[in-house]
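# Observations on chain architecture
In case you want the letters, here they are:
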Amino acid sequence: PVKASQLLYYYHSNRTQCVPVAVRQRPPVRYFFTNNMMIKRSLLARLAFDSGYQGWGYEDTDLAVGAERAGTRIVHIDNTATHLDLIDDDAVISKYRNSVANFMRLIGKYPQEAQSFPIYRAARVVARLPLPFKSLSSVAELLARARSLPVAFRYAFLQCMKLLMYSGAMRQSW
């Protein structure tokens, strides 16, 4: 059984990392996670991880985009991930908060490929709005933490928090 304090990450991982192969294959870069992959040593040595990414988020997407740019085809097989040790709500929210710089690094490094990322397209539109991004992302975070709400709502607020943070960072970079 999943602890109440870990329900948000459980819900998140079931919508991102634990999805069927047919879903993962449609946009293969979107579902490329280094916690569940096989790669030839020679290719990994050529591509390597970008050490400019700090903490959580987007280092695996960077590797996948680099692999595609190098002519490698990403193929998903029927081996969905299963998480045995879930992180608690505070940790997943902290990871999201700390992913902003990595997101900005990724879209700066791969501007053409970023056009295909739903979060980039949404953040680009929202960034144009005259919104108090920091305040709104804090409200979304509070709602994501609200265990009295259904987990689907909490997850939606977590995604809103991410969108608002990324939009604010994009606006600041203009």
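In the block above lies the structure referred to throughout.
I will try to describe carefully the structure that is included in this document.

Basis of the calculations
- Residues numbered from 1 in each chain as written.
- Predicted model: local features only at pLDDT ≥ 70, side-chain atom pairs only at ≥ 80, totals over all residues.
- Heavy atoms only, no water.
- Salt bridge = Lys/Arg side-chain N within 4 Å of Asp/Glu carboxyl O.
- Helix = DSSP H or I, 4+ residues; strand = E, 2+ residues; numbered from the N terminus.
- Buried < 20%, exposed > 50% of the residue type's maximum accessible area, 1.4 Å probe, protein only.
- Patch = residues over 30% accessible without salt bridge, like charges linked within 9 Å, V, L, I, M, F, W, Y side chains within 5 Å.
- Areas by Shrake-Rupley, 256 points an atom, 1.4 Å probe, with all protein chains shown as cover.
- Phe/Tyr/Trp six-rings, centres within 6.5 Å; stacked < 30°, edge-to-face > 60°.
- Lys NZ or Arg CZ within 6 Å of the ring centre and 35° of its normal.

Inspection of the entire model under this criterion finds nine salt bridges. The salt bridge involving R97 is made with E141; its shortest N-O contact spans 2.5 Å. Taken together, the residues R97 in helix α5 (residues 89-98) and E141 in helix α9 (residues 133-145) connect sequence positions 44 residues apart. According to the relative accessible area criterion, E141 is buried, its value standing at 14%.

This paragraph deals with a nonpolar patch on the surface. Residues V2, L7 and Y10 make up a contiguous nonpolar surface patch of roughly 220 Å² in combined accessible area. Position of Y10 among the secondary structure elements: in helix α1 (residues 7-16).

Moving on to the packing of aromatic side chains. Any pair of aromatic rings gets described here by the distance separating the centres and the angle formed by the planes. Under the counting rule described, the total for this entry stands at five aromatic pairs. With a centroid separation of 4.1 Å and 10° between ring planes, the pair formed by F103 and Y166 is classed as stacked. In this pair, F103 is assigned in helix α6 (residues 100-109) and Y166 in helix α10 (residues 151-173), connecting sequence segments 63 residues apart. A residue is classified by how much of its surface remains accessible, and F103, at 0% relative accessible area, is buried. Across the ring face of Y31, the terminal group of R30 is positioned such that the distance to the ring centre comes to 4.7 Å.

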